[in-house]
Amino acid sequence: MAKRQRGRRSRHGLRILVLHGPNLNLLGEREPEIYGDMTLAELNRRIKKHAAAINCELKIKQSNSEGALIDCIHTHRKWADGIVINPAAYTHYSYALRDALAAVQIPTVEVHLSDIHKRERFRRISVIREVCETQISGFRWESYTKALDLLAERNR
Ligand code: DQA
C-alpha cells in the first residue's frame, strides 16, 4: 500500500513509535521457552540503545488493551515518522488495529519475538501485515532492532 513519504531527518532524527501489545509486560516470566527470559524493561533498554546509535528518537508504549494501542497511534500520528509494532495476539484478529494503522498511513513494521510461522496454525495469520511495510518474526529482541534499521534505511 502507498504510504506517505515522511521522516526526512530533522535535527531530532527519525521519530519512531514502538508499540508492544498484550501480555508483553510479562516478558521474562511468560513462556520463556518461547519468548526467552528477557524482561520488557531490558528489551526496551536494548531498543533505546540501538535507536540512539542510528539517530532515532523513540516513544515506547505497552498496553494490554486494543483501544489504548489505537489511541496511542492516533495521538502520535503527526509525531511519528515510523511505527514498530508487536501487536501480540491482536496480530491474528484485530481489524480495529489494522484500520488504525491504515488510517494514519505511517510506515510501519510488524515484529514478533517468536517465529509465528512455526507455531500454531492460528498464529500464521496476520491481519496487520498488509498495512505494514513488512513483518519481521522470530529474531527475539533483534526483530525490533531490525525493524528500526529498516525504517531508518527507508528514510535515508
Ligand atoms: C508474539 C506472537 C503472538 O502470536 C503472541 O500472541 C504474542 C507474542 C511474539 O512476539 O512472538 O503475544 O507477537
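Quick caveat: nothing in here was measured; it's all calculated off a predicted structure.

> Before we move on, could you go through the site of the ligand and cite the residues and values that matter?
The immediate surroundings of the ligand are formed by Arg30, Tyr35, Asn86, Ala88, Ala89, His92, His112, Leu113, Ser114, Ile116, Arg119 and Arg123. Between the ligand and Arg30 there is a distance of 2.9 Å, counted from an oxygen atom to a side-chain nitrogen or oxygen. Within the side chain of His92, one N or O atom sits 2.7 Å away from an oxygen atom of the ligand. Protein chains bury 99% of the 320 Å² of accessible surface belonging to the ligand in isolation. More than half of the atoms of the ligand fall within 2 Å of the grid points belonging to the largest pocket. Grouping the amino acids of the shell around the ligand by side-chain chemistry returns 5 nonpolar, 4 polar and 3 charged.

> How would you sum up the layout of surface pockets? Please name residues and give values.
One number sums up the size of the largest pocket: a volume of about 160 Å³. Lining the largest pocket are 13 residues, and of these Arg30, Tyr35, Ala88, Arg119 and Arg123 lie nearest its centre. A per-class count over the lining of the largest pocket returns 6 nonpolar, 4 polar and 3 charged.

> Can you explain the environment of Arg119? Please cite residues and give values.
Residue placement: Arg119 occurs in the loop between strand S4 (108-112) and strand S5 (134-137). For Arg119 and His92, which are 27 residues apart along the polypeptide, the C-alpha to C-alpha distance reads 13 Å. Of the polar contacts made by the side chain of Arg119, one reaches the side chain of Tyr35; its length is 3.0 Å. For Arg119, the side chain forms a polar contact with the side chain of Ser114, separated by 2.9 Å.

About the thresholds
- Residues numbered from 1 in each chain as written.
- Predicted model: local features only at pLDDT ≥ 70, side-chain atom pairs only at ≥ 80, totals over all residues.
- Heavy atoms only, no water.
- Near = heavy atom within 4 Å.
- Polar contact = N/O pair within 3.5 Å; in protein donor to acceptor, adjacent residues only side chain to side chain.
- Areas by Shrake-Rupley, 256 points an atom, 1.4 Å probe, with all protein chains shown as cover.
- 1 Å grid on protein atoms, 1.4 Å probe; cavity = no way out; pocket = protein on both sides within 12 Å on 5 of 7 lines; lining within 4 Å.
- Sits in = over half its atoms within 2 Å of the grid points.
- Nonpolar A, V, L, I, M, F, W, Y, C, P; charged D, E, K, R; others polar.
- Points joined across faces, edges and corners; volume = space filled by probe spheres on them.
- Helix = DSSP H or I, 4+ residues; strand = E, 2+ residues; numbered from the N terminus.

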